[in-house]
Amino acid sequence: QVQLVESGGGLVQPGGSLRLSCAASGIIFSIYTMGWYRQAPGKQRELVAVFTSGGNTNYVDSVKGRFAISRDNAKNTVYLQMNSLRPEDTAVYYCNAKMITGIATYDYWGQGTQVTVSS
């Protein structure tokens, strides 16, 4: 059974920092692309950052220079370091594990963790 368990969300003041963690089990972690998505109230879920199995990273423009995604394959964990947080970063953040092969797509989600940026 595949499980992705996020942690590290919470309430933080504008300009503050948080680090999200996502611990994966039930998959061969190192071969999956790991991503962080977020969904704010009334908005569609959007991709925040990804870290491919090949070591490439990509970010949505709004978080470039402020957020950093990393992964520890030995711990089956992906992280999202969020700095200089803004109120518009408020959302539920979801961890995603995805692998696309020639015959199937494997796509798993965590339950989400709330991040609230407010004074």
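Refer to the preceding data block for the structure.
Quick caveat: nothing in here was measured; it's all calculated off a predicted structure.

Novice: What exactly am I supposed to notice about the packing of aromatic side chains here?
Specialist: Both the distance between ring centres and the angle between the ring planes are used here to describe each pair of aromatic rings. Considering all chains together, one arrives at two aromatic pairs under this definition. Between Y32 and Y108, the ring centres sit 6.2 Å apart and the planes meet at 45°, which makes this aromatic pair tilted. On the criterion of sequence distance, the pair formed by Y32 in the loop between β3 (18-25) and β4 (33-39) and Y108 in strand β10 (residues 105-109) is long-range, its members being 76 residues apart. Overall, Y108 belongs to the partly exposed group, its relative accessible area being 26%. Measuring from centroid to centroid gives 4.8 Å for Y37 and W109, while their planes differ by 65°, and the two rings are edge-to-face. With Y37 in strand β4 and W109 in strand β10, the pair connects residues that are 72 residues apart, well separated along the chain. For W109, a relative accessible area of 34% puts it in the partly exposed group. Over the aromatic face of Y94 sits the side chain of R45, whose NZ or CZ is 3.8 Å from the ring centroid. The ring of W109 has R45 lying over it, and the distance from NZ or CZ to the ring centre is 4.6 Å.

Novice: For this particular structure, what's the right way to read unusual backbone geometry?
Specialist: Residue N76 is not a glycine yet carries a positive backbone phi of 55°. Judged by relative accessible area, which is 25%, N76 ranks as partly exposed. The phi torsion at S84 lies on the positive side, around 50°, for a residue other than glycine. With respect to the helices and strands, the residue S84 is situated in the loop between β8 (77-82) and β9 (91-100). Among the residues examined, S84 registers a relative accessible area of 42% and is labelled partly exposed.

Novice: So what exactly am I meant to see when it comes to the sheet that holds strand β1 (residues 3-7) here?
Specialist: The strands making up a sheet associate through hydrogen bonds between their backbones, and the pairing can be parallel or antiparallel. Taken in spatial order, the four strands line up as β1-β3-β8-β7 in an open sheet, and their pairing is antiparallel. The open sheet terminates on both sides in strands that have one partner only, identified here as β1 and β7 (67-72). Ignoring which end each strand starts from, the neighbouring axes of this sheet average 15° apart. Relative to β3, β1 runs antiparallel, the two sharing five bridges. For L4, the partnering residue across the bridge sits in β3 and is A24.

The rules behind these values
- Residues numbered from 1 in each chain as written.
- Predicted model: local features only at pLDDT ≥ 70, side-chain atom pairs only at ≥ 80, totals over all residues.
- Heavy atoms only, no water.
- Phe/Tyr/Trp six-rings, centres within 6.5 Å; stacked < 30°, edge-to-face > 60°.
- Helix = DSSP H or I, 4+ residues; strand = E, 2+ residues; numbered from the N terminus.
- Buried < 20%, exposed > 50% of the residue type's maximum accessible area, 1.4 Å probe, protein only.
- Lys NZ or Arg CZ within 6 Å of the ring centre and 35° of its normal.
- Pairing = 2+ DSSP bridges.
- Axes fitted to C-alpha atoms, helices over the stretch in contact; angles between N-to-C directions.

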